[in-house]
Amino acid sequence: MSKEKSAAELLKEQLFMKKKHAGLVMTEEQVSRCDDFCESYKDFLDGAKTEREAADSAISLAKEEGFKEYTPGMSLKAGDKIYYNNRGKAVILAVIGSESMEKGVRLAAAHIDSPRIDLKQNPLYEDNEVALFKTHYYGGIKKYQWATIPLSLHGVLIKKDGTKVTIRIGEDEGDPVFFISDLLPHLAQEQVKRTLNEGIKGEELNIVVGSRPFRDDDVSDKVKLNILSILHEKYGIIESDFLSAELEMVPAFKAKDIGFDRSLIGSYGHDDRVCAYTALQAILGCSTVTKTAVVCLTDKEETGSDGNTGLCSAYLKNFLYDIGESFGVNGRTVVSNTECLSADVNAAFDPTFPDVVEKRNAAFLNYGVVVTKFTGARGKSGTSDASAEFVGKVRSLMEKNDIIWQTGELGKVDLGGGGTVAAYLANLGMDVIDVGVPVMAMHAPYEVVAKTDVYMTYKAFKAFFEEQG
Ligand code: MN
Ligand code: MN
């Protein structure tokens, strides 16, 4: 028998905020629904390691659900499912609602690019009978983490005649992989005195791609020649075709369960494919919605959102203007009345590095989808800072739909910071807040998320789109 609660205890229960681990709130059946959902998420991760592959995957999943390619000027009606492909690197999907476009749309925007190692324009060289690629890293990485792990090569080359060659090497069982070397500890006496940031320097991120010579006694650069001969035979390319290419090295690891209890998923590229996938699944499951539902899977977030596939460009705005015009509503009205969940990850509290966060406001694994009111650095520089009114709306949406959620902040004040696409969308005049999954070891070659958080994020997007009125 539990003893009766005192007046103070009852008052505390009434007034204090409660936070509870999802594993204690959810039934076993609910937890296994999270686990099931994450099985297909892992497949998505393995199949979509670059922005191009993620865009392709999203489009083929959308087509299966009856989404049709949209072209401006196309006539639209409630219930139509459309997608717009921006150069194969960013995708917008929409389900047209029954309510007037004047009321705006419900938008979830996630990015499908992740930190990685890009090849330089002129990458291939031979040095002391080893063939290597020169690289230029993409996004914020701790460079030393990318040495001595298996890497796979993804991307496209455009040949002189304009034909496109698509490459994906290192993902299939039996494929070779690639490798950035590091010094052996025996000879690293000087190297270990470098700061962590310089442990491996940018120009040391050279990728080993071969070591066997072309059989010939006279010719120089035999190892390089042998590599080009293999590439020519397999893809019909020559060295100058690298000049017009986008080739990306990413970790060759597969997504796997982590832990004896299989509660976590380790993978490359959770940031931000975990939000891209959950938002995508939410819109794919929409059949009838009152307000038009839109998912934007964007590129270039990791380098600041510039470029014609990034959210600083006009492509999303143009899309919203165009679909508004199909109903005779001017684009400005659509955009200003739009509500947006900027779908991006936040840092999860890490017990090994507790000092970088302020625990009362940090996000924790297994505490559900994170709602981040503001990001930025120093005095909130660069943030869009959602209004109390909009946070209130999102909060009541979460609570009404039994979504386990938490708030988050990216680290202690003045310790660093970061941003998302939220500010660029807010600059268009819409209401925006960051919503996403907490990630451990964000931007590392292998990042970690909790399955319950992934599922709760999916539920949040679903509830957002299906909200009446
Ligand atoms: Mn991100
Ligand atoms: Mn990121």
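Everything below is about the structure printed above this text.
Here the structure is a predicted model, which means the values were calculated and not measured.

Colleague: Hey, could you run me through the coordination of the manganese ion (ligand 1) in this one?
Modeller: In an ideal octahedron of six donors the angles at the metal are 90 or 180 degrees, and in an ideal tetrahedron of four donors they are 109.5 degrees. Taken together, the protein donors to the manganese ion (ligand 1) comprise His 111 (NE2), Asp 271 (OD), Asp 344 (OD) and Asp 344 (OD), at separations of 2.1 to 2.6 Å. A distance of 3.3 Å spans the gap from the manganese ion (ligand 1) to the manganese ion (ligand 2), which Asp 271 bridges by coordinating each metal. Here His 111 is found in strand β4 (residues 106–111), whereas its partner Asp 271 is found in helix α6 (residues 270–284), with 160 residues between them in sequence.

Colleague: Would you explain the coordination of the manganese ion (ligand 2) in this entry?
Modeller: Around the manganese ion (ligand 2), the donor atoms from the protein are Asp 271 (OD), Glu 302 (OE), Glu 302 (OE) and His 443 (NE2), and they sit 2.1 to 2.6 Å away. Along the chain, the residues donating to the manganese ion (ligand 2) fall in the pattern D-x30-E-x140-H. We classify His 443 as buried; its relative accessible area is 18%.

Colleague: In this structure, what is going on with the nonpolar core? I would like to understand it.
Modeller: The nonpolar side chains of soluble globular proteins are, as a tendency, buried together. If you look at the biggest cluster of nonpolar residues, it comprises 64 residues, and the most contacted ones within it are Leu 93, Leu 297, Phe 461 and Phe 465. If we ignore the near neighbours within four places in the chain, the residues touching Phe 461 are Ala 108, Cys 275, Thr 278, Ala 279, Ala 282, Leu 341, Ala 343 and Val 435. Trp 146, Leu 157, Val 165 and Met 249 belong to the second-largest nonpolar core, a separate cluster that totals 32 residues.

Colleague: Can you walk me through the side chain of Lys 143 in this structure?
Modeller: Assignment of secondary structure puts Lys 143 in the loop between β6 (130–138) and β7 (151–158). In this structure Lys 143 is buried but unpaired, with Glu 198 as the nearest side chain of opposite charge at 5.9 Å. Not counting residues up to four positions away in its chain, the partners in contact with Lys 143 are Tyr 137, Asn 197, Ile 200, Lys 201, Gly 202 and Leu 205.

Colleague: I would appreciate a short explanation of the sheet that holds β7 in the present structure.
Modeller: Working definition: the strands of a sheet are paired by backbone hydrogen bonds and lie parallel or antiparallel to each other. As summarised here, the arrangement of the seven strands in space is β8-β7-β11-β5-β6-β10-β9, forming an open sheet in which the pairing is antiparallel. The open sheet has two free edges, formed respectively by β8 (164–169) and β9 (179–180), since each of these has just one partner strand. In terms of strand pairing, β7 meets β8 through six bridges, oriented antiparallel. Counterpart to Gly 155 in the pairing with β8 is Ile 167. Running over the sheet, helix α5 (residues 222–235) touches β5 (116–127), β6, β8 and β10 (207–210) and is turned about 125 degrees from β5.

Colleague: Where do I start with a nonpolar patch on the surface in this structure?
Modeller: Among the surface-exposed residues, Leu 11, Leu 15 and Phe 16 lie close enough to one another that they form a single nonpolar patch of about 340 Å² accessible area. The topology assignment puts Phe 16 in the loop between α1 (7–15) and α2 (22–25). Of the residues examined, Phe 16 reaches a relative accessible area of 54% and is grouped as exposed.

Colleague: How should I be thinking about the pairing of β8 in this particular structure?
Modeller: Taken residue by residue, a regular strand's side chains alternate between the two faces of the sheet. On β8, burial follows the alternation: Val 165, Ile 167 and Ile 169 on one face are buried, whereas Lys 164, Thr 166 and Arg 168 on the facing-out side are not. Count of turn residues in the β7/β8 antiparallel hairpin: five residues, of which Gly 162 carries a positive phi of about 90 degrees.

Colleague: So what exactly am I meant to see when it comes to the pattern of salt bridges here?
Modeller: Opposite charge on two side chains permits pairing when their charged atoms draw close. Scanning all chains against the criterion turns up 27 salt bridges. With a closest N to O distance of 3.0 Å, Glu 29 and Arg 33 form a salt bridge. One end of the pair is Glu 29 and the other is Arg 33, both in helix α3 (residues 28–47) and four residues apart, which spans about a single turn. Across the salt bridge formed by Glu 171 and Lys 254, the nearest N and O atoms sit 3.3 Å from each other.

Colleague: What's the story with the sheet that holds strand β23 (residues 447–450) in this structure? I'm lost.
Modeller: Overall, antiparallel pairing links the three strands, which are arranged β12-β13-β23 in an open sheet. Whereas interior strands pair on both sides, the edge strands pair on one side only; in this sheet they are β12 (256–258) and β23. Neighbour-to-neighbour, the strand axes of the sheet open up by a mean angle of 35 degrees, direction not taken into account. Strand contacts of α3: β12 and β13 (264–267), with the helix running at about 5 degrees to β13, the strand carrying the most contacts.

Colleague: Help me out: how do you make sense of unusual backbone geometry in this one?
Modeller: The bulk of non-glycine residues show a negative phi, and the bulk of peptide bonds are trans. Cis geometry marks the peptide bond from Asp 271 to Asp 272; its omega dihedral reads 10 degrees. Tracing the sequence through the fold places Asp 272 in helix α6. Not every positive phi belongs to a glycine, and Arg 378 is a case in point at roughly 45 degrees. Residue placement: Arg 378 occurs in the loop between β18 (376–377) and α9 (388–400). Despite not being glycine, Asp 385 shows a phi value in the positive range, around 45 degrees. Residue Asp 385 is classed as partly exposed on the basis of its relative accessible area of 25%.

Colleague: Hey, could you run me through the environment of Tyr 367 in this one?
Modeller: When you line up the elements, Tyr 367 lands in the loop between β16 (346–347) and β17 (369–372). Residues Tyr 367 and Ala 22, 345 residues apart in the sequence, show an inter-C-alpha distance of 5.5 Å.

Colleague: Before we go on, may I ask you to explain the environment of Val 295 in this structure?
Modeller: With respect to the element layout, Val 295 can be found in strand β14 (residues 293–298). Along the backbone, Val 295 and Leu 107 are 188 residues apart, and their C-alpha atoms lie at a distance of 5.7 Å. Contact partners of Val 295, with chain neighbours within four places excluded, come to Val 91, Ile 92, Leu 93, Ala 108, Ala 279, Ile 283 and Phe 465.

Colleague: It is not clear to me how the packing of aromatic side chains should be interpreted in this structure. Could you clarify?
Modeller: Both the distance between ring centres and the angle between the ring planes are used here to describe each pair of aromatic rings. Per the stated rule, a full pass over the model turns up 14 aromatic pairs. Ring centres 6.2 Å apart and planes at 90 degrees place the aromatic pair Trp 146 and Tyr 268 in the edge-to-face group. A residue pair is termed long-range when its members are at least 10 positions apart, and Trp 146 in the loop between β6 and β7 and Tyr 268 in the loop between β13 and α6 qualify at 122 residues. For the pair Trp 146 and Tyr 268, one class covers both residues: buried.

Colleague: Please explain the packing of α3 against α6 as it appears in this structure.
Modeller: Axis angle and axis distance: for two packed helices, these are the angle between their axes and the distance between the axes, and together they describe the pair. Contact pair α3 / α6: the axes reach a minimum separation of 11 Å and the direction vectors enclose 125 degrees. For the element pair α3 / α6, the angle class is oblique. Classified by chirality, the crossing of α6 by α3 is right-handed. Counting all contacts with α3, which are made through Phe 37, Ser 40, Tyr 41, Phe 44 and Leu 45, the residues of α6 involved are His 270, Arg 273, Val 274, Tyr 277, Thr 278, Leu 280 and Gln 281. Residue classes in the contact of α3 with α6 are distributed as seven nonpolar, four polar and one charged.

Rules used throughout
- Residue indices follow the written sequence of each chain, beginning from 1 at its first position.
- Here chains are named by letter from A upward and ligands by number from 1 upward, in the order in which they appear as written.
- Residues qualify for local features only when their pLDDT is at least 70, as the model is predicted, and side-chain atom pairs are given and counted only at 80 or more; totals for whole chains, interfaces and linings, by contrast, use all residues.
- Where side-chain values are given, they derive from all heavy atoms of the structure, hydrogens and water being excluded.
- Ligating atoms shown are N, O and S within 2.8 Å of the metal, or 3.2 Å for Na, K and Ca, and water is not included, meaning a site may look less than complete.
- By the criteria applied, helices consist of DSSP H or I runs no shorter than four residues and strands consist of E runs no shorter than two, each listed in order from the N terminus.
- Any residue under 20% of the maximum accessible area for its type is buried, any over 50% is exposed, and the rest in between are partly exposed; the area is computed with a 1.4 Å probe on protein chains only.
- Throughout this description, the term nonpolar core refers to a set of buried Ala, Val, Leu, Ile, Met, Phe, Trp, Tyr and Cys residues connected via side-chain atoms within 4.5 Å.
- By definition in these notes, contact holds between two residues if any of their heavy atoms fall within 4.5 Å.
- Only four residue types enter the tally: Lys and Arg on the positive side, Asp and Glu on the negative side, with His and both chain ends excluded.
- Salt bridges are defined as contacts in which a side-chain nitrogen from Lys or Arg sits within 4 Å of a carboxyl oxygen from Asp or Glu.
- Here a strand pair is declared whenever DSSP counts at least two bridges between the two strands.
- The axes are straight lines fitted to the C-alpha atoms, using for helices just the contacting stretch, and the angles between their N-to-C directions are given from 0 to 180°.
- Here, patches come from residues exposed beyond 30% relative accessible area and free of salt bridges, joined within 9 Å for like charges and within 5 Å for nonpolar side chains (Val, Leu, Ile, Met, Phe, Trp, Tyr).
- Every accessible area reported is derived by Shrake-Rupley at a probe size of 1.4 Å, with residue values counting cover from the shown protein chains alone.
- Two aromatic rings from Phe, Tyr or Trp, using only the six-membered ring of Trp, form a pair when their centres are within 6.5 Å; if the ring planes differ by under 30 degrees the pair is stacked, by over 60 it is edge-to-face, and anything between is tilted.
- With respect to orientation, any angle under 35 degrees is reported as roughly parallel, any angle over 145 as roughly antiparallel, any angle of 65 to 115 as roughly perpendicular, and every other angle as oblique.
- Two helices that cross are described as forming a left-handed crossing if the nearer one is turned anticlockwise from the farther one by less than a right angle, and a right-handed crossing if clockwise.
- Throughout this entry, Asp, Glu, Lys and Arg are counted as charged residues, while Ala, Val, Leu, Ile, Met, Phe, Trp, Tyr, Cys and Pro are counted as nonpolar. The remaining residues, Gly among them, count as polar.

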